[in-house]
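Chain by chain, the residues:
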Amino acid sequence: MLQAITLLAEKLSNIGIKALDKIEKNVFTIYLLSWPAQAVGEILLNRIFKCDWYITMVSLFIIGIITPLIIVSIYNKLNLKNKLFDLVLGIQ
């Protein structure tokens, strides 16, 4: 997933889409935080909502990208500058 995001962001970086620039800047953070987000999403979709596997797989990919970006956006808007949080979130 990390390689797919990196390659996609690199190929589309010339277009100048703001969301792609944000993904490209936060690839490592997305990699770190996507695993817990996808685990929670899998529990919700498979076990609680009983979704089919093809809906679950697409949803988990989207959850794995969107959730870390939301967490980083909230962290930046709250203006919390803490080295421990920076390390946990993978922010440089």
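Scroll up to find the structure.
Here's what I pulled together on the structure shown here. Note that this is a predicted model, so its numbers are computed, not measured.

## Digging into the overall build of the chain
In terms of helices and strands, the chain carries five helices and zero strands. For the chain, the sequential pattern of α-helices and β-strands runs α-α-α-α-α. Each principal axis of the C-alpha atoms in the chain carries an extent, and together these give about 40 × 30 × 20 Å. Here the chain holds 92 residues, and the buried ones make up 27% of them. Of the roughly 6,700 Å² that the chain leaves accessible, carbon and sulfur atoms contribute 68%. For the chain, the distance from the average site of its 9 positive side-chain charges to the average site of its 6 negative ones is 8 Å.

## What about the nonpolar core?
One finds I5, I23, V27, I30, I65 and L69 forming the largest nonpolar core, which totals six residues. If you list the elements that add at least two residues to this core, you get helix 3 (27-48) and helix 4 (53-78). The contacts of I30, once residues within four sequence positions are left out, are M1, I5, I23, G64, I65, P68 and L69.

## Brief notes about the environment of K25
Secondary-structure assignment places K25 in helix 2 (residues 18-25). Separated by 16 residues in sequence, K25 and A9 place their C-alpha atoms 9.3 Å apart.

Cut-offs and rules
- Residues numbered from 1 in each chain as written.
- Predicted model: local features only at pLDDT ≥ 70, side-chain atom pairs only at ≥ 80, totals over all residues.
- Heavy atoms only, no water.
- Helix = DSSP H or I, 4+ residues; strand = E, 2+ residues; numbered from the N terminus.
- Buried < 20%, exposed > 50% of the residue type's maximum accessible area, 1.4 Å probe, protein only.
- Areas by Shrake-Rupley, 256 points an atom, 1.4 Å probe, with all protein chains shown as cover.
- Lys, Arg positive; Asp, Glu negative; His and termini not counted.
- Charge placed at Lys NZ, Arg CZ, Asp CG, Glu CD.
- Core = buried A, V, L, I, M, F, W, Y, C linked by side-chain atoms within 4.5 Å.
- Contact = heavy atoms within 4.5 Å.

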